[in-house]
Amino acid sequence: MVESPGLWTVLPWAAPFLAFIRLARHRPNLADAPLAGGRLVSVIVPARNEEGNLPTLLDSLLQTAYSPVEILIVNDRSTDRTAAVAQQYVERDARVRLVEGEDLPAGWFGKPWACVQGYRAARGDLLLFTDADTRHAPELLGRAVGALESGRRDLVTVIGRMLCGSFWERVIMPIIGALLAIRFHPTAVNRARRASEVIANGQFILVTRESYEAVGTHAAVKHEVAEDLAMAQLYFRAGRPQLFVFGLKLLGTRMYTSLAGLVEGWSKNVYVGGRRSFPDEPVRRALIPFMFSLGALFWLLPPAVLLLALLGVAPSWLEPAAWATGLSALFWVLFDGGFGINPLYGLSYPLGVAMTGWIFARSTRRGERRIEWRGRTYSAE
């Protein structure tokens, strides 16, 4: 008779709960920053095929309590009605301007090129780069400028709440969100001593014009898929003070609205971005696929063993597998609740991990040779 494995084998699946100690700390909080005003802020929105997102974004931006502000929509050779939608707002409000983007030069990725064109047309002393899929609360910009000025920072970047509407968003986004939240918590980023410890959120990056020009603008990261990560590392190496701050009640983002969008978007940058996050550590860069695989195996092993045990293949493992699966499910139920998603979606974590693992594998297989986004194909090699 085979002796049942001890419950000590379950201990590794209790360890992730320690992450909640860090995740529960939402500090520094942008809501605590003073409200500021008086300096012209140029809000630069790179927009390629964003006709669906622009109205929500612009409606929120135009409700800002901050003044003075100008909003530049950079139409990056869109093939939909992006320009027409932007023009409607240009005619409605003098603060909105439409910048028709030029053809993409060789060696550039689309978003850095659009950001540079927006910067060239901007008049502000402060530049805010924000994405078309974001939603801004009226106080967001004023608090961000207040944080930049009171903390004497050259760059302020904000992590907001992730908005999920569809089934696949609720299943997959928390898995990826957990990886990023644990890897780059603001308290750790703000104490960074190495370039691999910093990051910026491309959904909201506020910089001084002087510092942006001093580090070389987006031209210095023109070949980067994760240009926000590369920009943070650029500022770090230049000794430019930056601040990563929570703004969960002030900024919201719905990155993708479908499974196809999720697959395309994360396939584009998860492997390349993972490698870029270790700029000076070649061994860890090389181990990125292994780390992805190990993480997926960690979460999928308990339900897989439980299924085998129920089928009679490994009956002695039934009890520890059930405990490990239960702990895993509890972790994701709690995380989803904190993520703002119905906690019951946490029970679907095996599906979410499997799909995320497939996206990671797809991104790794393509590597830097084939990066697809919004109808364009790039090579980062």
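Throughout what follows, the structure given in this document is the object of discussion.

Cut-offs and rules
- Residues numbered from 1 in each chain as written.
- Predicted model: local features only at pLDDT ≥ 70, side-chain atom pairs only at ≥ 80, totals over all residues.
- Heavy atoms only, no water.
- Pairing = 2+ DSSP bridges.
- Helix = DSSP H or I, 4+ residues; strand = E, 2+ residues; numbered from the N terminus.
- Axes fitted to C-alpha atoms, helices over the stretch in contact; angles between N-to-C directions.
- Contact = heavy atoms within 4.5 Å.
- Buried < 20%, exposed > 50% of the residue type's maximum accessible area, 1.4 Å probe, protein only.
- Polar contact = N/O pair within 3.5 Å; in protein donor to acceptor, adjacent residues only side chain to side chain.

## Description of the sheet that holds strand β4 (residues 126-130)
Next up, step 1: Spatially, β3-β2-β1-β4-β8-β6-β9 is the arrangement adopted by the seven strands of the open sheet, whose pairing is mixed. Each having just a single partner strand, β3 (96-100) and β9 (242-246) make up the two edges of the open sheet. With strand direction ignored, the average angle separating the axes of adjacent strands in the sheet is 20 degrees.
Next up, step 2: Pairing of β4 with strand β8 (residues 204-208), which is carried by five bridges, proceeds in the antiparallel orientation. Bridging across to β8, Thr 130 finds its partner in Phe 204.
Next up, step 3: This element, helix α5 (residues 140-150), spans β1 (41-47), β2 (69-75), β4, β6 (155-159), β8 and β9 of the sheet and lies at about 45 degrees to β8.

## Considering the pairing of β8
Next up, step 1: Burial within β8 is extensive, with five of its five residues counted as buried.
Next up, step 2: The alternating pattern of β8 places Phe 204, Leu 206 and Thr 208 on one face and Ile 205 and Val 207 on the opposite face, and all of these are buried.
Next up, step 3: Bridge count between β6 and β8: three bridges; the pairing is antiparallel. Residue pairing for β8: Thr 157 is matched across the bridge by Ile 205.

## Some details on the environment of Arg 284
Next up, step 1: Along the chain, the position of Arg 284 falls in helix α11 (residues 282-286).
Next up, step 2: Look past the residues within four positions of Arg 284 in its chain and what remains in contact with it is Phe 278 and Met 291.
Next up, step 3: At 3.0 Å, the side chain of Arg 284 forms a polar contact with the side chain of Glu 281.

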